[in-house]
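Structure assessment
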Amino acid sequence: MPKNNYLIIAAVCSAVAALMHVGCIIFGGDWYRFFGAGEQMAQMAEAGHIYPTIVTSVIVVVLTLWSLYALSGAGVIMRLPLLRVGLCVIAAIYLLRGIVFIPLIPMFPENSTTFWLVSSAICFAFGLMYALGIKQSWAYIGNKKSDEIN
């Protein structure tokens, strides 16, 4: 299988996003504020509530799993189960989050317009990397017998 730079970049992007969320857990309220989680999450983190840590930890796990799926699709690590479906769902989630953010705004009124525009552009770019990588590796990710990595 040829090297798939799109999925490798997608994996790095998801991994960096996961690490930034870990930073929020470690460094607390200021990081939650900086990354646009909202004042309520920042204040809860500063007060020692477990809720921000739980929510952010779930996001870290999801983003890490998405990074692993991208690496698997790129042939860098072993083939993960439901690889084609998983990568397509991940790409769709990122792309939808990047495009269809306006209906989400009322659900998170503390987030600024800048947050929505920047985070949506980032999500769209991540989704695009996944989508281009999927296109490049379509035959490989659909072949259940291609468990060996070249």
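Just above, that's the structure.
The structure reproduced in this document is the subject of the present report.

So, how was this worked out
Residues numbered from 1 in each chain as written. Predicted model: local features only at pLDDT ≥ 70, side-chain atom pairs only at ≥ 80, totals over all residues. Heavy atoms only, no water. Axes fitted to C-alpha atoms, helices over the stretch in contact; angles between N-to-C directions. Helix = DSSP H or I, 4+ residues; strand = E, 2+ residues; numbered from the N terminus. Contact = heavy atoms within 4.5 Å. Nonpolar A, V, L, I, M, F, W, Y, C, P; charged D, E, K, R; others polar. Salt bridge = Lys/Arg side-chain N within 4 Å of Asp/Glu carboxyl O. Buried < 20%, exposed > 50% of the residue type's maximum accessible area, 1.4 Å probe, protein only. Core = buried A, V, L, I, M, F, W, Y, C linked by side-chain atoms within 4.5 Å.

**Observations concerning the packing of helix α3 (residues 39–46) against helix α4 (residues 51–73)**
Running from N to C, α3 and α4 cross one another at 115°; their axes reach a closest spacing of 8 Å. Of the residues in α4, those in contact with Met41, Met44 and Ala45 of α3 are Tyr51, Pro52, Val55 and Thr56. Of the residues in the contact of α3 with α4, the class split is six nonpolar, one polar and no charged.

**Thoughts on the pattern of salt bridges**
One pass over the full model with this rule turns up three salt bridges. Note that Arg33 and Asp30 form a salt bridge whose closest N and O atoms lie 3.4 Å from each other. Here Arg33 pairs with Asp30, and both are found in helix α2 (residues 29–34), just three residues apart, close to one helical turn. Among the residues examined, Arg33 registers a relative accessible area of 31% and is labelled partly exposed. One continuous salt-bridge network, built from bridges that share partners, spans Asp30, Arg33, Glu39 and Glu46.

**Notes on the environment of Ser67**
By the element assignment, Ser67 lies in helix α4. Classification of Ser67 as buried rests on a relative accessible area of 7%. Put simply, Ser67 and Ala17 are 50 residues apart on the chain and 9.7 Å apart in space, counted from C-alpha to C-alpha. Residues contacting Ser67, with those up to four places away along its chain left out, are Ala11, Ser14, Ala15 and Tyr130.

**Digging into the nonpolar core**
Soluble globular proteins tend to pack their nonpolar side chains together in the buried interior. If you look at the biggest cluster of nonpolar residues, it comprises 25 residues, and the most contacted ones within it are Leu87, Tyr94 and Tyr130. At the level of secondary structure, the elements contributing two or more residues to this core comprise α1 (5–27), α4, α5 (83–99), α6 (113–136) and α7 (138–142). In terms of residue count, the dominant contributor to this core is α1 (six residues). Setting aside anything within four residues of it in sequence, one finds Tyr94 in contact with Ser14, Leu63, Trp66, Cys123, Phe124, Phe126, Gly127 and Tyr130. Residues Cys24, Met41, Ala42 and Met44 belong to the second largest nonpolar core, which totals five residues.

Interpretation note: all reported values are geometric properties and have no functional meaning in isolation.
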